[in-house]
Structures are given as structure tokens and as C-alpha cells.
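# Structural features, examined
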Amino acid sequence: MTKMTKVAFIGLGVMGYPMAGHLQKTGFEVCVYNRTTTKAQQWQQEFGGSYAATPAEAAQDCDIIFCCVGNDDDVRQVVLGDKGIFAGMSENTILVDHTTASAELARELYTIAKQQHKHFLDAPVSGGQAGAENGALTVMLGGEQEIFDKVKPVMAAFAKFSQLMGKAGSGQLAKMVNQICIAGIVQGLAEAFNFAEKAGLDSEALVQTISKGAAGSWQMENRYKTMFAGVYDFGFAVDWMRKDLGIAFSEAEKNGSLLPMTKMVDGFYQEIQKNGGNRWDTSSLISRFKK
Ligand code: NAP
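Residues numbered from 1 in each chain as written. Predicted model: local features only at pLDDT ≥ 70, side-chain atom pairs only at ≥ 80, totals over all residues. Heavy atoms only, no water.

## So, the domain arrangement of the protein
Each assigned domain of the protein is listed with its residue range as follows: domain 1 (6-167) and domain 2 (173-289). The gap between the C-alpha centroids of domain 1 and domain 2 is 28 Å. The partner domain 2 presents 12 residues to the 14 residues of domain 1 that form the contact. Between domain 1 and domain 2, a total of about 990 Å² is buried, with carbon and sulfur atoms accounting for 60% of that surface. Linking domain 1 with domain 2 are one salt bridge, by the criterion used here. Glu104 is paired through a salt bridge with Lys254; the nearest N and O atoms lie 2.6 Å apart. Run the count over domain 1 and domain 2 and you get four residue pairs in polar contact (both at pLDDT 80 or more). Looking at which element gives the most residues to the side of domain 1 that touches domain 2, the answer is helix α6 (residues 103-115), with three residues. Counted by class, the side of domain 1 that touches domain 2 contains six nonpolar, six polar and two charged residues. (Domains from an automatic or database assignment. Contact = heavy atoms within 4.5 Å. Buried area = accessible area lost by both parts, 1.4 Å probe. Salt bridge = Lys/Arg side-chain N within 4 Å of Asp/Glu carboxyl O. Polar contact = N/O pair within 3.5 Å; in protein donor to acceptor, adjacent residues only side chain to side chain. Helix = DSSP H or I, 4+ residues; strand = E, 2+ residues; numbered from the N terminus. Nonpolar A, V, L, I, M, F, W, Y, C, P; charged D, E, K, R; others polar.)

And the structure:
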């Protein structure tokens, strides 16, 4: 695929909007679709390119179609049906789904794509809003090597790292592992920072020290300031996290793995939702200690 590769981007949310922007800025000819058309118009004004009235129309004549919507049901709505992506895609073109969704859906869409002589990659991302805006996302993919090799240089417009994890669904499985890690890490930080406050330690000196040792993490470095300050109205929403953990719990039932700590943290997130924190960042776990 060359810089003249024609691509579509479906779903201009917090993540999709800047991701599609990076593609256009890199030199690809991008056609976008968004359910709320005003956002597509705003995107076109900011970056150029074009926008379409339906996912099928956006996908027409494109080599690669990227998609980043909310959950399994949303993916079904934009991919299937007469106005969906598959209806507009030509044979031998590729659909890359960046939505965090189930592995089951990924396998289903891979099979449908095959039957229609098209290609599908599940490709959830990590790195958050900042990663999307800075073109520095990490992408974990499931599907075929040959198709991944074609898409990788195009994704480089918004990704600093991408890895094929295995067959269809493997990208989503890797993302589940990612979210299980985050649940535990953030709860650990919430307890540790609450302890630090009660112990009267200087938060800045503390984090500047321990982040350089074995306890250091992305969450610690990027979230300590707001966690100590009690600021949560940004970032990766609790609603999204609970959606992702729900997907991991269903998969764990199938593969027989136990997730006791993750279940406990999910209960804490449920409490935060009840207190109105649906759109708060996942680091809001510390709010439970700040009552
Ligand atoms: P968002 O800001 O809520 O945007 C969702 C996008 O999907 C919007 O463009 C929305 O259109 C569209 N959409 C939702 N349901 C639709 C439907 N049924 N039909 C058509 N369009 C639909 O979400 P986001 O934060 O960008 O997240 C997108 C995906 O990335 C999610 O799966 C999320 O879990 C994952 N993710 C997010 C982050 C993060 O930090 N935000 C990080 C990693 C992964 P409208 O504009 O019309 O509502």
C-alpha cells in the first residue's frame, strides 16, 4: 500500500477523530463516517478529506476501512446490514476494527469477511486519548499475517507499536489481559496513595522516587498528580472500563481462568457509577477513600 492508499474511518469519537486525522495528515486520502454528522463536518473542516452519509458509502473504493465505535452492538450496526461497511467494501479489501469488543464478535466478522472474499482484523488499542492525539497508540491484532503486513505501515500514522497476536480474536484477547492488568494496578495505586497521604508523605518526592524503582508504571507516572488532587473528569471512562471487564469476565468463564481481584475492582467501579462517576477516568478508584 502506498501513500495514495484510499482509506475510510468509521466512528469519530475521542479515539477515532484524532486517529483519522493522523491518517489524513500522513498523506492518505481519508473518507470518514460518523453517526452524528456534525462531527464528520467538523473533522473535514479541520483535516480536509471527505465524509459520507453511511458506513457503506464511506467504504466504497477504499483499500482499508478502519472502525472505532463503542461496543459489540455498535460494531454490528456499522458493519452489517445494507448500509454497513461490508455492504460497501469491495472484494480483497480490509476492515480493521479498533473497537474494544468481544473475541467472539471478531471471529464472527472474520468468518463473514472470508465468505465475501474480504479481510478482517480485530485491532483494539491501548494508550488512551493522549496516545490517539499524539499518534502513539499500541495496537494488538488478530487475523492473518499477510493482511497485517499490508495494514501495519498505514496504522503507523497513529500507532507507535503494533503486533499480530495470532488468529482472529487474539487482538481482543490481548486487550482483555491489558484491562485486567490495569484494574489491579490502579487499585494498587489508589490504596498506596491513600496510605501515603495518611502517612503524611510528600506526594511529589514520593512518586519521583518510587516510580524509578520496581513499583513504577504508566499509570503511576501519568495519573499520580490527578489522583492526589482528586481530579477525575477526563481520560478513560469508568463506563468503558466496566464494558471491557464484562467482556473479560465472559471470556474467563469460557477458558476457566479465575479473576478474583478484577471482580472486586469491578464492584468498586460499580460503586463509582452509582455515585455519578460514569464518565470519570479509571483512576477515580481513589475517590472511594476520599469521602
Ligand atoms: P466515544 O468518544 O464515546 O466515541 C464513540 C464513537 O462511536 C462515536 O463516534 C459514536 O458516534 C460512534 N458510535 C457509537 N455507537 C454507534 C452506533 N451504534 N452506530 C454508529 N456509530 C456509533 O468512544 P471512544 O473513547 O472513542 O472509544 C471508542 C472505542 O475505543 C471503545 O471501544 C473504547 O473502549 C475503546 N478505547 C477507548 C480509549 C479511551 O481512552 N477513550 C482507550 C482505548 C480504547 P456519535 O458521535 O454519533 O456518538
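## A word on empty space enclosed by the protein
A full pass over the atoms with the stated rule returns one cavity of 30 Å³ or more. For the largest cavity, the full set of lining residues is Tyr110, Lys114, Lys118, His119, Phe120, Leu121, Gly143, Glu144 and Ile147. Looking at the lining of the largest cavity, the elements that each hand over two or more residues are α6 and β6 (119-122). In terms of residues, the lining of the largest cavity owes the most to one element, β6, which gives three residues. A per-class count over the lining of the largest cavity returns four nonpolar, two polar and three charged. (1 Å grid on protein atoms, 1.4 Å probe; cavity = no way out; pocket = protein on both sides within 12 Å on 5 of 7 lines; lining within 4 Å. Points joined across faces, edges and corners; volume = space filled by probe spheres on them.)

## Observations regarding the state of the cysteines
For the structure shown, the criterion picks out zero disulfides. The thiol of Cys31 is not disulfide-bonded; the next cysteine sulfur, from Cys62, is found 6.2 Å away. Since its relative accessible area comes to 2%, Cys62 is described here as buried. (Disulfide = S-S within 2.5 Å. Buried < 20%, exposed > 50% of the residue type's maximum accessible area, 1.4 Å probe, protein only.)

## Concerning the packing of aromatic side chains
Aromatic ring pairs are described here by two measures, namely the spacing of the ring centres and the angle between the planes. Applying the stated rule across the entire model yields six aromatic pairs. Relative to Phe47, the ring of Trp43 has its centre 5.3 Å away and its plane inclined at 40°; by these criteria the two rings are tilted. Of this pair, Trp43 and Phe47 both sit in helix α2 (residues 37-47), separated by four residues, roughly a single helical turn. Each of the two residues, Trp43 as well as Phe47, counts as buried. What links up through ring pairs into an aromatic cluster is the set Phe9, Phe66 and Phe158. Directly above the aromatic system of Phe249 lies the positively charged group of Lys263, at a separation of 4.9 Å from the ring centroid. Across the ring face of Phe268, the terminal group of Arg288 is positioned such that the distance to the ring centre comes to 3.6 Å. (Phe/Tyr/Trp six-rings, centres within 6.5 Å; stacked < 30°, edge-to-face > 60°. Lys NZ or Arg CZ within 6 Å of the ring centre and 35° of its normal.)

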